[in-house]
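# A structural walkthrough
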Amino acid sequence: MDRLVINGPAKLSGSVCVSPAKNACLPIMTACLLNPNPITLKDMPTLKDVETLRNLLESLGVKSEVDQKDIRFDAGTIESTDAEYELVRKMRASILVLGPLLARERCAKVSLPGGCAIGTRPIDIHLEGLKKMGAVIDINSGYVFAKTGTEGLVGAQIVLPFPSVGATENLMMAAVLAKGETTITNAAREPEIEDLGNFLNAMGAIVEGAGESIIKIQGVHIDKLKSVSYRAIGDRIEAATYLIAGIITNSEIEVKGFRTKDIASVCDELQSMGAVFEVAEDQIVVKKHDEIKGCNVDTAPFPGFPTDVQAQMMVLATKAITSSVIREKIFENRFMHVPELKRMGANIIKKGNLAMIEGSASLSAAPVMCTDLRASAALVLAALAAEGETVISRVYHLDRGYENLADKLSGLGVDIKRI
Ligand code: EPZ
């Protein structure tokens with residue numbers, strides 16, 4: 001298994017361009033199941049999760065070919081509606097094939113995604129919504145068995161008990177081919193939802209309000225869908241990670257290729273801590289700063305502070321001159337990075353979903369291990385600020401969501417090697 005060796009403390013300079021967003025690309029890829037016409041997704045990031053999902057789609061009969069950074073999908077005929085455990089267990093987002101398969105083939109057998117490091121990750125909100133659209137759902141032996149009546153899914157008024165990103169995406173896709181209108185109230189408002197809505201409309205669906213709390217989808221006949229070529233939005237979480245890399249090393253760097261409005265909550269929090277930015281529409285220049293003060297952050301659904309930036313924020317908090325409090329309100333176990341950061345010298349007290357971080361820690365290099373995607377990014381940030389050579393193992397977690405991380409960091413002047 002590969003490891004990253006990072007020499008700190010690092011000084012960064014130059015510019016980094018983020019890749020298209022993993023969390024936009026994945027639902028857009030599963031949406032290809034709805035459409036029998038060829039679809040080209042442009043400039044796709046080389047990520048483990050994209051590869052895993054492409055394999056899963058191939059197992060369902062979707063032909064795909066990679067051309068440089070573009071991937072061309074052809075879901076002319078769906079040969080199977082069984083998403084096997086072997087493939088689903090590698091990536092929870094595989095559950096996003098359920099809605100499109102039901103809409104297109106009127107039946108689906110999808111392995112329960114199972115938990116992951118950050119929580120049990122239930123799918124009850126997905127399933128309740130699909131039942132409202134007429135799906136009959138049975139769960140046994142670790143699989144979801146779903147089927148519809150002979151006329152397929154029917155549009156429904158759905159109110160989500162929680163603005164679940166995945167449930168919103170599954171239900172949007174299911175509604176595209178359902179009979180009549182579907183309304184999703186208390187929908188997730190993440191930018192990736194808005195991007196999925198734009199993609200669905202580009203291929204001939206009728207989706208209004210994606211990215212807002214109420215989304216309306218008019219079902220269309222499958223013959224109305226057409227070929228489309230599409231590029232997902234830039235990855236706001238990757239961008240936030242590089243912004244924090246610039247701040248924690250007190251460097252001046254440019255981070256570009258994303259919509260800065262997509263991480264307004266992160267930028268507000270960082271600036272209130274003392275970070276200095278020059279913000280344009282699709283790039284941010286991090287300037288040198290005076291002292292960084294602590295933060296008091298609760299993670300929340302968009303437009304609140306994103307849970308996917310919580311671990312990275314915690315690392316920055318260890319270097320602030322005053323102490324910080326971070327509450328993880330989205331996932332039940334998303335502090336896996338805390339023990340590893342403590343081994344590097346951070347002073348963090350964890351109480352349930354609350355972490356109290358003492359400031360002015362002098363982080364020192366140590367061999368550390370990745371546990372989940374964003375915790376791994378936090379360890380990289382800590383290594384940039386730590387004194388000495390940090391060896392990070394199990395970097396396959398990073399490969400799931402950060403394209404060419406080592407190359408991008410060495411492009412910013414970091415002494416980093418992948419061995
Ligand atoms: C998406 O996960 C993202 N993944 C996650 O990013 C992100 O952290 C999360 O949204 C929140 O923003 C992708 O987009 C592929 P949720 P998802 O459904 O859809 C509970 C990363 O690092 N819940 O909004 O699974 C759930 O347990 C990943 O890139 C239910 O209870 O998030 C969790 O506590 C990690 N029942 C909360 O809602 C359900 O049916 C948020 O889950 C669904 C969710």
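Presented here is an overview of the structure given in this document. Bear in mind the structure is a predicted one, so any value in this text is a computation, not a measurement.

With that settled, consider the overall build of the protein chain. Counting secondary structure elements, the protein chain contains 14 helices and 24 strands. Computed over its C-alpha atoms, the radius of gyration of the protein chain comes to 21 Å, within 12% of the 22 Å expected for a compact globule of 419 residues. Taking the principal axes of the C-alpha coordinates as reference, the protein chain spans close to 65 × 45 × 40 Å. Burial statistics for the protein chain: of 419 residues in total, 57% are counted as buried.

Moving on to helix α10 (residues 310-318). Extensive coverage of α10 is indicated by the burial of 9 of its 9 residues. Taken as a whole, α10 has its buried residues at Gln-310, Ala-311, Gln-312, Met-313, Met-314, Val-315, Leu-316, Ala-317 and Thr-318.

Our focus in this paragraph is the pattern of salt bridges. Summed over all chains, the structure comprises 23 salt bridges. Lys-42 is the salt-bridge partner of Asp-70, the closest N and O atoms lying 2.9 Å from each other. In this pair, Asp-70 sits in strand β5 (residues 70-74) while Lys-42 sits in the loop between β3 (39-41) and α2 (48-59), placing the two residues 28 residues apart along the sequence. A salt bridge links Arg-327 to Asp-298; its shortest N-O distance comes to 2.7 Å. Highlighted residues: Arg-327 in strand β19 (residues 324-327) and Asp-298 in strand β18 (residues 296-298), separated in sequence by 29 residues. With a relative accessible area of 24%, Arg-327 lands in the partly exposed category. Asp-298 sits in the partly exposed class, given a relative accessible area of 32%. The network of salt bridges with common partners includes Asp-2, Asp-399 and Arg-418.

What follows covers the sheet that holds strand β14 (residues 228-230). Strands sit in the order β4-β5-β3-β14 across an open sheet of 4 strands; the sheet is mixed. Of all strands in the sheet, those with a lone pairing partner are β4 (63-67) and β14, marking the two edges. If you compare each strand with its neighbour and ignore which way they point, the axes differ by 15 degrees on average. Direction of pairing for β4 relative to β5: antiparallel, over a ladder of 5 bridges. Its bridge partner lying in β5, Glu-65 is registered against Arg-72.

For the rest of this paragraph, the subject is the packing of aromatic side chains. Applying the stated rule across the entire model yields 2 aromatic pairs. With a centroid separation of 5.3 Å and 70 degrees between ring planes, the pair formed by Phe-199 and Tyr-230 is classed as edge-to-face. Here Phe-199, found in helix α7 (residues 191-202), pairs with Tyr-230, found in strand β14; they are 31 residues apart in sequence, far enough to count as distant. Summarising the burial analysis for this pair, Phe-199 and Tyr-230 share the class buried. Lying over the aromatic face of Tyr-143, Lys-109 brings its terminal NZ or CZ to 4.5 Å of the ring centre.

The next point concerns the packing of α10 against helix α12 (residues 373-385). Two elements in contact, α10 and α12, have axes separated by 7 Å at closest approach and are oriented at 25 degrees. Here α10 lies roughly parallel to α12, going by the angle between them. Here the hand of the crossing between α10 and α12 comes out right-handed. Between α10, through Ala-311, Gln-312 and Val-315, and α12, the contact on the second element is made entirely by Arg-374, Ala-375, Ala-377, Ala-378, Leu-381 and Ala-382.

Here is what the cut-offs are and how they apply
Residues numbered from 1 in each chain as written. Predicted model: local features only at pLDDT ≥ 70, side-chain atom pairs only at ≥ 80, totals over all residues. Heavy atoms only, no water. Helix = DSSP H or I, 4+ residues; strand = E, 2+ residues; numbered from the N terminus. Rg over C-alpha atoms; globule rule 2.2 N^0.38 Å. Buried < 20%, exposed > 50% of the residue type's maximum accessible area, 1.4 Å probe, protein only. Salt bridge = Lys/Arg side-chain N within 4 Å of Asp/Glu carboxyl O. Pairing = 2+ DSSP bridges. Axes fitted to C-alpha atoms, helices over the stretch in contact; angles between N-to-C directions. Phe/Tyr/Trp six-rings, centres within 6.5 Å; stacked < 30°, edge-to-face > 60°. Lys NZ or Arg CZ within 6 Å of the ring centre and 35° of its normal. Parallel < 35°, antiparallel > 145°, perpendicular 65-115°, else oblique. Left-handed = near helix turned anticlockwise from the far one by under 90°. Contact = heavy atoms within 4.5 Å.

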